[in-house]
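What the coordinates show
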Amino acid sequence: MHSKRIRTTLAAGSAVLGMVALSACGAADTGASSSGGGDTVTIAVPSWVGAEANAAVAKHILEEELGAKVKLQQMDEPVAWDALDSGKVDAILEDWGGVPKKEKRYVEERETVVAAGDLGVTGHIGWFVPKYFADENPDVTDWKNLNKYADEFKTTESGGKGQLLEGSPSYTTNDDAIIKNLDLDLKTVYAGSEAAQITQIKKYVKEKKPFLTYWWTPQWLNAEIDFVEVKLPEYTEGCDADPEKVACAYPNTPLQKYLNADFVKDGGDAAQFLKNFNWSTEQQNQVAKWIAGDGMSSKDAAAKWVEENKSTWEKWLP
Amino acid sequence: MTTATPAPSSPAPEPGKPDKTAEPGKAASTASGSGPDREGPPGRPGALRRLTARTPGRPPARRLLVLALLALVAIPLAASVWGSGSWPDALTYDVRSPLDELDAWLVDNRESHWLFLYFLLHISNNAVSAVDGVLALLQGLGWTGVTAGAAALAWFAGGADLGRRALRTAATALGAFAVIGLLDLWAPAMETLALMAVAVAAAALIGAALGLAAGLSDRCERLLRPVFDTMQVMPAFAYLLPFVLLFGIGTPSALIATVIYAAPPMARLTSLGLRGADPAALEASASLGANAWQRLLTARLPLARRQMLLGLNQTIMMCLSMVVLASVIGAGGLGDEVFTALSRVDVGQALGPGIAIVLIAIWLDRTTAAAGARLDDTSAPASRGRAWSVRAAAAAFVAAASAAGSAALGRQWPEQWTVDLSAPVNTAVDWITDNLGSGIPLIGGTVTWSENFARWVLNPLRDGLQGAPWWLLLLAAAALALLTGTWRTATTAVAALAAIGAMGLWPTSLNTLSQVLAALVVTLLPGVAIGVLAARVPWVDRAIRPVLDVMQTMPQFIYLIPVVALFNVGRTAAIIAAVVYALPAVIRITAQGVRETDPGALEAARSMGASTGQQLRHVQLPLARPALLLAVNQGVVLVLAIVVIGGLVGGGALGYDVVYGLQKSELGIGLTAGAAIVCLGVLLDRVTQPAATRDRR
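Residues numbered from 1 in each chain as written. Chains lettered and ligands numbered in written order. Predicted model: local features only at pLDDT ≥ 70, side-chain atom pairs only at ≥ 80, totals over all residues.

1. Quick look at the overall build of chain A
So the rule is basically this: Only DSSP runs of H or I covering at least 4 residues are called helices, and only runs of E covering at least 2 are called strands; the numbering of each starts at the N terminus. Working definition of burial: number of other C-beta atoms within 10 Å of the residue's own, with buried at 20 or more, exposed at 12 or fewer, and partly exposed in between, all C-beta atoms being placed from the backbone. Residue pairs are scored as contacts if the distance between their C-beta atoms, which are placed from the backbone, is within 7 Å.
For chain A, the count of helices and strands is 13 helices and 9 strands. Per-residue burial over chain A gives 44% buried out of 318 residues. The contacts in chain A between residues at least 6 apart in sequence include a share of 75% that link residues at least 24 apart.

Rendered as structure tokens:
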């Protein structure tokens, strides 16, 4: 039949086309150095507002003072690490240590990523209850009494136990292990995204309902809602080494900056500036609140902060 | 032994003997409608062909008897070896470790292995330069030039004259772009448009090529069909991560993921069009001495044009539905705006880019639909000479608009011409969530419903499934599949379920299955009811049409926050999100099916004095059976597609695993959960759909 000839022709045609395409070009540009050495600095922006504040302020100063071109690219922490490795992104300004495996591989083994010091902001993760609930039941702030309140935290999703509301899957958490090892009558319920978690918290607060949640500082919502932390067994060095056996609180994490290795080599003043970038938790919270609480654009908020805090950022300039 | 009922279509034509009855009027009529207005699902036309076949073969009772005998022998044996609880550990295989090893290998070899240097990196570099090129062009044209160009394109598609269709299509384009500018989203909209232009072009080309292969060769068709199914049911979240590893973050991965998701409708409809060509026309062409090539080019392809255009339309819609997802891996554009707004829990701000995406969808949909409508209408074809002069004039108009606009008003949309939606929208959303949550007399409120639904429907269903012995569920799957299908469908259903167990995802998947089943029921009952209503009452149809348009094209991420505010974090919220997404397709397919039932039969029933209810029960619904089956099928596909979104609002289970896999870069977890979702899709398809015709042969 003729259709067979069509098929043969099509197959032969595509084979020829494929060979032409292959032979026409040599090894592809891996892109590793294209952005690092170029004049555009790409900063990864994770999905939380504090990180948006870092990036917006860094962008503003880099562009206004150092004449660099800056591109902010939205992506989650693990993806950003891959991008940092390949050179698609030059800087992560706020790393919570959520991907230790990647950190080890890229910083120590492949040496494609370089640690660039503290951001100056200290992050802390913990279990929190709303202040109105803690005021009525002061002993809830000790983990030993949590089982007493498990009934009050119960929801349809928590399978007969008390609900511990969790956030986005990309955030660092040991909560399942902690619950198991401390023998608590609780169950983690993953909201699945920070947006869903915050919406749920706001709703509980409006109705003055009791709840227990995985939460952290700095967070812009802390300016609107008063949380009280539940004390877990104290953190000691190495108590969270085995993820299965964790039975202690989260450490205070000085948030870290990381840069692409090629960018550090060729990035000149921009790279030096990002290494120097260092501000306090209060300063970051201020900008974050302007953005999330007062509805300013991150650009305007950064411009406002830069104008009011010249003495702080002048020290960052190389 | 087979007394095959006369099927409304015979979807698997003999080789070389094209079947003219395939899809009587179905695909053809949707092609003439205006995209989301008339066409239900984001294109799974391939499913249509499977559905229209009636169950052939032996009566189900006899097959079930055989199954019971088999079960009597096999089950005590299996139960004694592996126990009767959850899926036995002995039959679980570790698929995660090899995947994680693959992940490590990819990272280590990304810059040195030939596979990357000589192949994959070329693809990603070309993708980047193509998108950058289009973006530069759009930016160079300036906002006046782009708006004029879009309107001119729409006008051409509508017939390039002063008729109503051409002018209305052009006005839609003009309005869409004006609103995008007004919402202060011009720059991100252009980024999205550039990515979409390249993605649509690539998806259409690849889809057409695959469709050509599937349309001309039965072997290709058989080979490609499961591939297309997997491409569409596999959640994009699950394969974004491997693509990030293979092609790097940003544009290339986003582009390739979009193309994979969007190419199947083009391929399916191209194949359908080629197979559906009128044999008389082909006969005539052959008798005139045309060889196979000439016949393909002069008869088969032109005859398939309308279907291919519908395929293009569906491909565009599916590309647009990926916009928000693509920004998870750094593609930028409108999706980025949605995400940034969501991180601040600001629905009003997220709505703006959502509206922009809907408007781009409407513009492209109306444009392709107008082109489709023009194919039907053969009167007064413009002469070739005139067409060229019109084209030249339009090009000159766009160039002039671009130059004049750039000079007078700048290339960026003027900032003073923008409005801010976010404050009023947020006020409205807050009011709704405050007042509908609880405390409404008699009916309670959304939170109360949500809790009762979880307590009385979801929990028992989940616990029942998870508590049932593993062999019982396998047996149930086989029995259900046998009721409507053949031994082959039953085997596939059982294999799909067993694969889930073997991957070690048994309890998690059953949790998801319980949610999917509940979501299906909640979607199908109102969906079919509204569909029937819309088919019988014209004003209802007109009233819900724009609502359905928005429900289908609005990115789901935008309604996540209101859904959580109304229903609390949890499985009910996930199910509501799924229902919102799947309902429009079910309504549309039902309405169309009921509307298209044979008017003669209806007339006969009416003249015999049948009441409205009787007409519906005895004539319209039975005749609309294929459409109803398609509605079920689409319900399954769409509900499964949204399982991952459910993971973002507390649905947990497989959806959460997929999100976790992507966000934590755990290839093993994300990909296996994605595969389990595909298996659930196969299982549900086999137990709800009558046997495919391929099994009849």
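The rest of the description comes next.
2. Quick look at the overall build of chain B
Summing up its helical and strand segments, chain B has 32 helices and 0 strands in all. Taking all 697 residues of chain B together, 54% fall into the buried category. If you take every contact in chain B between residues at least 6 apart in sequence, the share linking residues at least 24 apart comes to 81%.

3. Details of the interface of chain B and chain A
Here is the rule: In this classification, Asp, Glu, Lys and Arg are treated as charged, Ala, Val, Leu, Ile, Met, Phe, Trp, Tyr, Cys and Pro as nonpolar, and every other residue, Gly included, as polar.
Taken together, the contact between chain B and chain A spans 53 residues of the former and 51 residues of the latter. Contributions of two or more residues to the side of chain B that touches chain A are made by α6 (114-157), α13 (292-303), α16 (334-343), α20 (446-467), α25 (560-567) and α31 (653-663) of chain B. Tallied by class, the residues present in the side of chain B that touches chain A amount to 25 nonpolar, 20 polar and 8 charged.

4. Thoughts on the packing of helix α26 (residues 571-595) of chain B against helix α29 (residues 625-641) of chain B
Residue and element names in this part refer to chain B. For the record, the criterion: Every angle, taken between N-to-C directions, lies between 0 and 180 degrees, and every axis is a line fitted to C-alpha atoms, over only the stretch in contact when it is a helix. Oblique is the label for every angle not falling under 35 degrees (roughly parallel), over 145 degrees (roughly antiparallel), or within 65 to 115 degrees (roughly perpendicular). The crossing is said to be left-handed when, going from far helix to near helix, the turn is anticlockwise and less than a right angle, and right-handed when the turn is clockwise.
Two numbers describe how α26 lies on α29: the axes approach to 9 Å, and their chain directions differ by 165°. Classed by the angle they form, the pair α26 and α29 counts as roughly antiparallel. Taken as a pair, α26 and α29 cross one another with a handedness that is right-handed. Residues A578, Y581, A582, A585, V586, I589, T590, Q592 and G593 of α26 touch α29, and the partners they reach there are P626, A627, L628, L630, A631, Q634, G635, L638 and V639. A class-by-class count of the residues in the contact of α26 with α29 yields 13 nonpolar, 5 polar and no charged.

5. A look at the domain arrangement of chain A
Residues and elements named next belong to chain A. To be explicit about the condition: The domain limits used here are those given by an automatic or database domain assignment.
When its domains are assigned, chain A resolves into domain 1 (40-122 + 253-314) and domain 2 (124-252). If you look at the interface, domain 1 gives 20 residues, while domain 2 gives 11 residues. Among the elements of the structure, α2 (49-65), α3 (77-86), β4 (113-130) and α11 (281-293) are those that each provide at least two residues to the side of domain 1 that touches domain 2. Here the side of domain 1 that touches domain 2 gets 7 residues from one element, more than from any other, and that element is α11. Split by residue class, the side of domain 1 that touches domain 2 holds 7 nonpolar, 10 polar and 3 charged.

6. Quick look at the environment of Q307 of chain B
Residue and element names in this part refer to chain B. Residue placement: Q307 occurs in helix α14 (residues 305-321). On the basis of neighbour count, Q307 is assigned to the buried category, with 29 C-beta atoms found within 10 Å. Between the alpha carbons of Q307 and M196 there is a distance of 21 Å; along the sequence they are 111 residues apart.

7. Let's talk about the UniProt feature "domain: ABC-type glycine betaine transport system substrate-binding" (unreviewed entry) in chain A
Worth spelling out the cut-off: UniProt positions are given in the numbering used here, feature names are shortened, and annotations may be inferred rather than shown by experiment.
As annotated in UniProt, the feature "domain: ABC-type glycine betaine transport system substrate-binding" (unreviewed entry) corresponds to residues 39-308 of chain A in the numbering used here. Counting secondary structure, residues 39-308 of chain A comes out at 40% helix and 24% strand; the distance between its end C-alpha atoms is 28 Å.

8. Some thoughts on the pairing of β4 of chain A
All names here are of chain A. This is how it is decided: In this description, strands pair whenever DSSP reports at least two bridges between them.
Pairing of β4 with strand β9 (residues 252-260) involves 7 bridges; the strand directions are antiparallel. Looking at β9, one finds that V113 is bridged to N260. With 5 bridges connecting them, β4 and strand β7 (residues 212-217) associate as antiparallel partners. Paired with H124 across the two strands is T217, which belongs to β7.

9. Observations regarding the nonpolar core
Selection rule: Among buried residues, those of type Ala, Val, Leu, Ile, Met, Phe, Trp, Tyr and Cys that are joined through C-beta atoms within 7 Å form a set called a nonpolar core.
Counting 302 residues, the largest nonpolar core has A199, L240, L560 and A577 of chain B as the members making the most contacts within it. When residues of this core are assigned to domains, at least three fall in each of domain 1 (40-122 + 253-314) and domain 2 (124-252) of chain A. Setting aside residues no more than four positions away along its own chain, A577 of chain B makes contact with Q556, Y559, L560, V563, I642, I645, G646 and V649 of chain B.

10. Structural notes on the pairing of β9 of chain A
With 3 bridges connecting them, strand β3 (residues 91-95) of chain A and β9 of chain A associate as antiparallel partners. If you follow D95 of chain A over to β9 of chain A, its bridge partner there is Q256 of chain A.

11. Details of the UniProt feature "domain: ABC transmembrane type-1" (unreviewed entry) in chain B
Residue and element names in this part refer to chain B. As annotated by UniProt and renumbered to match this structure, "domain: ABC transmembrane type-1" (unreviewed entry) occupies residues 189-368 and 509-688. Here residues 189-368 runs as 86% helix and 0% strand, with 20 Å between its end C-alpha atoms. Secondary structure within residues 509-688 divides into 85% helix and 0% strand; the distance between the first and last C-alpha atoms comes to 18 Å.

12. Points about the environment of L671 of chain B
All names here are of chain B. With respect to the helices and strands, the residue L671 is situated in helix α32 (residues 667-688). The class for L671 is buried, based on 25 C-beta atoms found within 10 Å. In the structure, L671 is positioned 575 residues away from R96 in sequence and 8.6 Å away in space, judged by C-alpha atoms. If near-sequence neighbours (up to four positions away) are discounted, L671 is found in contact with L99, A238, P242 and G661.

13. As for unusual backbone geometry
Here the bond from T217 of chain A into P218 of chain A is cis, since omega is -5°, no more than 30 degrees from zero. Tracing the backbone through its elements, the reader meets P218 of chain A in the loop between β7 and β8 (227-230). Phi at D184 of chain B is positive, roughly 65°, even though this residue is not glycine. In this structure, D184 of chain B sits in the loop between α7 (164-182) and α8 (186-216).

14. Here we look at the confidence of the model for chain B
Residues and elements named next belong to chain B. Rule in force here: Values of pLDDT, ranging from 0 to 100, describe the predictor's confidence in every residue of the model.
With 87% of its residues at a pLDDT of 70 or more, chain B shows a mean pLDDT of 78. Mean pLDDT values for the elements of chain B range from 34 in helix α1 (residues 26-32) up to 91 in helix α23 (residues 506-536). Below pLDDT 50 for its whole length, residues 1-57 participates in 137 contacts with residues either more than four positions away or in separate chains. Within the model, the stretch residues 692-697 combines pLDDT values under 50 with 14 contacts to residues more than four positions away or in other chains. Here the prediction assigns the complex a pTM of 0.81, and the interface score ipTM is 0.81.

15. Topic: helix α8 (residues 194-207) of chain A
Condition: Here a helix's expected span is defined as the number of its residues, less one, multiplied by 1.5 Å.
Between the first and last C-alpha of α8 of chain A there are 20 Å, a value that for 14 residues agrees with the 20 Å anticipated at 1.5 Å per step. Those residues of α8 of chain A that fall on the buried side of the exposure criterion are E194, A195, A196, Q197, I198, T199, Q200, I201 and K203 of chain A. Packing partners of the buried residues in α8 of chain A comprise β5 (162-166) and β7 of chain A together with α16 and α25 of chain B. Phi turns positive, to about 55°, at K208 of chain A, one or two residues after α8 of chain A.

16. What to know about the confidence of the model for chain A
Keep in mind that low pLDDT regions are not for reading the predicted coordinates in detail. Considering every residue of chain A, the mean pLDDT works out to 85; 88% of them sit at 70 or more. Low pLDDT, under 50, characterises residues 32-37 of chain A; the stretch is placed with 21 contacts to residues that sit more than four places away or in other chains.

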